[in-house]
Amino acid sequence: WQPLAPHAWPGPWRLQLEKTRPGLVLWTYWSLGLDLCHIPAKGQAERRAFLQKLLQDLAHPAGTHTFWPACLPQGSPETQDSPEPHAAPAGAEAATPPPDNDLAPHADAFWSGAAHLGARGVVVMGSAAVKALGLPSGLRPLQQVRYRGHMVWVLWDVDYMPREDQRYASMLAFLRQALRQVTC
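One structure accompanies this document, and this report is about it. Because the structure is predicted, anything quoted here is derived from the model rather than measured.

Re the overall build of the protein
Across its full length, the protein holds seven helices and seven strands. Along the protein, from the amino end to the carboxyl end, the secondary structure elements read α-β-α-α-β-β-β-α-β-α-β-β-α-α. Buried residues in the protein amount to 45% of all 184 residues. Sequence-distant contacts in the protein: of pairs separated by 6 or more residues, those separated by 24 or more amount to 78%. Accessible area of the protein: about 9100 Å², with a carbon and sulfur share of 54%.

Some details on the pairing of strand β7 (residues 150-155)
The element β7 is largely enclosed, with a buried count of six among its six residues. Along β7, one buried face is formed by His 150, Val 152 and Val 154 and the opposite face, lined by Met 151, Trp 153 and Leu 155, is buried too. Looking at chain direction, strand β5 (residues 121-125) and β7 are connected through five bridges and run parallel. When the bridges of β7 are listed, Val 123 appears paired with Trp 153. The pairing of strand β6 (residues 143-147) with β7 spans five bridges and is antiparallel. Bridge pairing links Tyr 147 to His 150 in β7.

Brief notes about the environment of Ala 115
Along the chain, the position of Ala 115 falls in helix α4 (residues 107-116). The spacing of Ala 115 and Arg 148 is 33 residues in sequence and 9.0 Å in space, taken between C-alpha atoms. Those residues within four positions of Ala 115 in sequence are excluded, and the remaining contacts are Pro 3 and His 150.

Quick notes on unusual backbone geometry
Here the phi dihedral of Leu 142 falls at roughly 70 degrees; this positive angle occurs in a residue that is not glycine. One can find Leu 142 in the loop between α5 (127-132) and β6. Taking the relative accessible area as the measure of exposure, Leu 142 reaches 28% and is therefore partly exposed.

Details of helix α6 (residues 165-178)
For α6, built from 14 residues, the straight-helix expectation of 20 Å at 1.5 Å per residue is met to within 8% by its first-to-last C-alpha distance of 20 Å. Tyr 168, Met 171, Leu 172, Phe 174, Leu 175 and Ala 178 are the residues of α6 that are buried. The arc that holds every buried residue of α6, seen down its axis, measures 165 degrees, which confines them to one face. Across from the buried face of α6, at angles greater than 90 degrees, the exposed residues are Asp 165 and Gln 166. Tucked into the core, α6 has its buried residues touching β1 (25-29), α3 (44-58), β5, β6, β7 and α7 (180-183).

The rules behind each value
- Residues numbered from 1 in each chain as written.
- Predicted model: local features only at pLDDT ≥ 70, side-chain atom pairs only at ≥ 80, totals over all residues.
- Heavy atoms only, no water.
- Helix = DSSP H or I, 4+ residues; strand = E, 2+ residues; numbered from the N terminus.
- Buried < 20%, exposed > 50% of the residue type's maximum accessible area, 1.4 Å probe, protein only.
- Contact = heavy atoms within 4.5 Å.
- Areas by Shrake-Rupley, 256 points an atom, 1.4 Å probe, with all protein chains shown as cover.
- Pairing = 2+ DSSP bridges.
- Expected span 1.5 Å × (residues − 1).
- Arc of directions from axis to C-beta.

Here's what the structure looks like:
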């Protein structure tokens, strides 16, 4: 596999690249495209607060982390409906993407963007994002794999983590250890 040049990416991905700063660690989750495009979505404020806390707890220097979407909205923001979260039992992973969100994955644009942004590692939150990125099936939270030249770490879905204090502690310990490979 070879990264695609940005001019070969769909338009929305090229536009998003212009707004994204490089980083050693790239983060993604299913609804990140909605969040980055400022399309109102249920749980947006909770996701933002959770990720701010997590990055603060990791205490890496500014510029270490960046966010790059696994999926982007189709059509213009004016035509977007606010998605409802996919119902899952407490502590469970969402097996499929939330319905009615009009998000489209583009794995080649994602991985090409990861290379273009200089990421050494990729943090993928949730099984919907794992599937959207074409990662090997069977990857579970707190597992890692090398894929398309990047270390990839899988975590639980960001929409369920704010209520999971015990999982947060184990996830933070996992990330502190794993990210040493790419942040040193």
